[in-house]
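# Report on the structure
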Amino acid sequence: MPVPYKLRRKLWIEKRKKLLPALQPHIALRNVRIADHLSKECQETLLKAINAESIRIAVAIDYLREHPQATVEDVLEATSKDREQKLPPSP
């Protein structure tokens, strides 16, 4: 039987509370499940990248899961490449 949305939301909110306090307001509930698996060092890197530039957080989280030793610059570069790939060609 599927878990009711209210229960899932409650679980996501609890998981978000386990993230770094400064990172919590930046993580949408839909991204909590993947952000929850990041180490504290990766969470710090993610927070620095968020503060440095507007990034796609889900892409940054995926990148950090694959490359836990990545620097802030690596994350910014990976998210900017993703943004460039999604842009339509200019006329």
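A short tour of the structure in this document, coming up. Per-chain numbering applies: the sequence of each chain, read as written, is numbered from 1 onward. Per-residue local features are limited, in this predicted model, to residues with pLDDT of at least 70; the limit for side-chain atom pairs, both in listing and counting, is 80 or more; totals at the level of whole chains, interfaces and linings are taken over all residues. Excluding hydrogens and water, the side-chain values take into account all heavy atoms of the structure.

Now for helix α3 (residues 40-52). Per the convention used, a helix needs a DSSP run of H or I reaching at least four residues, while a strand needs a run of E reaching at least two, with both numbered from the N terminus. To estimate how far a helix should reach, multiply one less than its number of residues by 1.5 Å. For α3, with 13 residues, the first-to-last C-alpha span of 18 Å sits near the 18 Å given by 1.5 Å per residue. Throughout, exposure labels follow a simple rule: accessible area from a 1.4 Å probe, protein chains only, divided by the maximum for the residue type, with under 20% read as buried, over 50% as exposed, and the rest as partly exposed. Looking only at α3, the buried set comprises Cys 42, Gln 43, Thr 45, Leu 46, Leu 47, Ala 49 and Ile 50.

Take the pattern of salt bridges next. We define a salt bridge as a side-chain nitrogen of Lys or Arg found within 4 Å of a carboxyl oxygen belonging to Asp or Glu. With the rule as written, the count across this model stands at two salt bridges. When the shortest N-O distance is used, the salt bridge between Glu 14 and Lys 17 registers 3.5 Å. Here Lys 17 falls in the exposed class, since its relative accessible area comes to 52%. Between Lys 15 and Asp 36 there is a salt bridge; the shortest N-O distance is 3.7 Å. Of the two residues, Lys 15 sits in helix α1 (residues 5-16) while Asp 36 sits in the loop between α2 (29-35) and α3, which places them 21 residues apart along the sequence. The class of Lys 15 is partly exposed, set by a relative accessible area of 29%.

Our focus in this paragraph is the packing of α3 against helix α4 (residues 57-66). Here the axes come from fitting lines to C-alpha atoms, over the contacting stretch only for helices, and the angles between their N-to-C directions go from 0 to 180 degrees. Their axes nearest at 10 Å, the elements α3 and α4 cross at an angle of 145 degrees. α3 and α4 meet at a crossing whose hand is right-handed. Residue-level inspection shows Cys 42, Thr 45, Leu 46 and Ile 50 of α3 in contact with α4, the latter providing Ile 57, Ala 60, Ile 61 and Leu 64. We call Asp, Glu, Lys and Arg charged. Ala, Val, Leu, Ile, Met, Phe, Trp, Tyr, Cys and Pro are nonpolar, and the rest, Gly among them, are polar. For the contact of α3 with α4, the class distribution of residues is seven nonpolar, one polar and no charged. By convention the crossing between two helices is left-handed if the near helix lies anticlockwise of the far one by an angle smaller than a right angle, and right-handed if it lies clockwise. By definition, residues are in contact when any of their heavy atoms lie within 4.5 Å.

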